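Examination of the molecular architecture
Listed below, chain by chain, are the residues.
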Amino acid sequence: APQELLLTPGEIGTLWLLLAGEAPSQEAAESLWTATDGWHQPIRLALEATGGTGLENGDAEDLLEISAIRSFLRHEVLDPLGEEGRCLLEDLPAERPAKTGTGGWCVLDAHGLWVEGEERDRLPTLLGAFLERERFRRRETPVKSKALSAERQEGVPHYKLGFLGSPVANRRDPDGSE
């Protein structure tokens, strides 16, 4: 998000009026600005999804409850970085380190995905919250070994379910008989 393209709280109020049909309070516009750093696309998606309802005191975590925003971050922000770029962002510090030139901050620089902080450049608040959520999700999701899965499948019947059209439920025993 190049700095000159980020919306101000006043511009967020105008966009809110255009998309939701009513003007927000100054505090509501500032709250949305704080949660998004003025990033237009997430603001627009939030306003379109909610009509402005519930955004008055929301933060970045609240905005991540909106599926359109998660989809935008996952598919339009992170997917273009490729697997290598996403891996570099996994343990990225929220603020730009004094010594840069390699790693995740190079990826952010190449794509303009940083904002000016009080003391140094930093991750956009919403992107940082999303990356933290993804790290937590990966830690909580155990990776299953194919060998372990094969061991557990021996002697266990398999079921095939179909819900489109006429419902179907078939059982196949370990010996292959239905």
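Just above, that's the structure.
Worth saying up front: this structure is predicted, and the values here are computed from it rather than measured.

For helix 1 (residues 9-20), spanning 12 residues, the distance from its first C-alpha to its last is 16 Å, which sits close to the expected 16 Å at 1.5 Å a residue. Among the residues of helix 1, Pro9, Ile12, Gly13, Leu15 and Trp16 are the ones counted as buried. Viewed along the axis of helix 1, the buried residues span an arc of 165 degrees, placing them on a single side of the element. Next to the buried residues of helix 1 lie helix 2 (26-36) and helix 3 (40-50). Where helix 1 terminates, the next one or two residues include Gly21, which has phi positive at roughly 85 degrees.

A cluster of nonpolar side chains, contributed by Tyr159, Leu161 and Phe163, occupies part of the molecular surface with about 420 Å² of accessible area. Checked against the element boundaries, Tyr159 lands in strand 1 (residues 158-162). Assessed through its relative accessible area of 56%, Tyr159 is described here as exposed.

Packed helices, taken two at a time, are described by the angle between their axes plus the distance between the axes. Contact pair helix 1 / helix 3: the axes reach a minimum separation of 10 Å and the direction vectors enclose 35 degrees. Note on packing geometry: the crossing formed by helix 1 with helix 3 is right-handed. The segment helix 1 lies against helix 3, with Ile12, Leu15, Trp16 and Leu19 engaging His40, Ile43, Arg44, Leu47 and Glu48.

This part takes up unusual backbone geometry. Of note in this structure, Asp37 is not a glycine but carries a positive phi near 60 degrees. Residue position: Asp37 is located in the loop between helix 2 and helix 3.

Core analysis: the largest hydrophobic core is formed by 36 residues, its most contacted members being Leu63, Ile69, Leu73 and Leu127. Mapped onto this core, the elements with two or more residues apiece are helix 1, helix 2, helix 3, helix 4 (60-63), helix 5 (67-78), helix 7 (104-111) and helix 8 (125-140). Discounting chain neighbours no more than four positions away, the residues touching Leu73 are Trp39, Leu64, Leu78, Leu126, Leu127 and Phe130.

So, how was this worked out
Residues numbered from 1 in each chain as written. Predicted model: local features only at pLDDT ≥ 70, side-chain atom pairs only at ≥ 80, totals over all residues. Heavy atoms only, no water. Helix = DSSP H or I, 4+ residues; strand = E, 2+ residues; numbered from the N terminus. Expected span 1.5 Å × (residues − 1). Buried < 20%, exposed > 50% of the residue type's maximum accessible area, 1.4 Å probe, protein only. Arc of directions from axis to C-beta. Contact = heavy atoms within 4.5 Å. Patch = residues over 30% accessible without salt bridge, like charges linked within 9 Å, V, L, I, M, F, W, Y side chains within 5 Å. Areas by Shrake-Rupley, 256 points an atom, 1.4 Å probe, with all protein chains shown as cover. Salt bridge = Lys/Arg side-chain N within 4 Å of Asp/Glu carboxyl O. Axes fitted to C-alpha atoms, helices over the stretch in contact; angles between N-to-C directions. Left-handed = near helix turned anticlockwise from the far one by under 90°. Core = buried A, V, L, I, M, F, W, Y, C linked by side-chain atoms within 4.5 Å.

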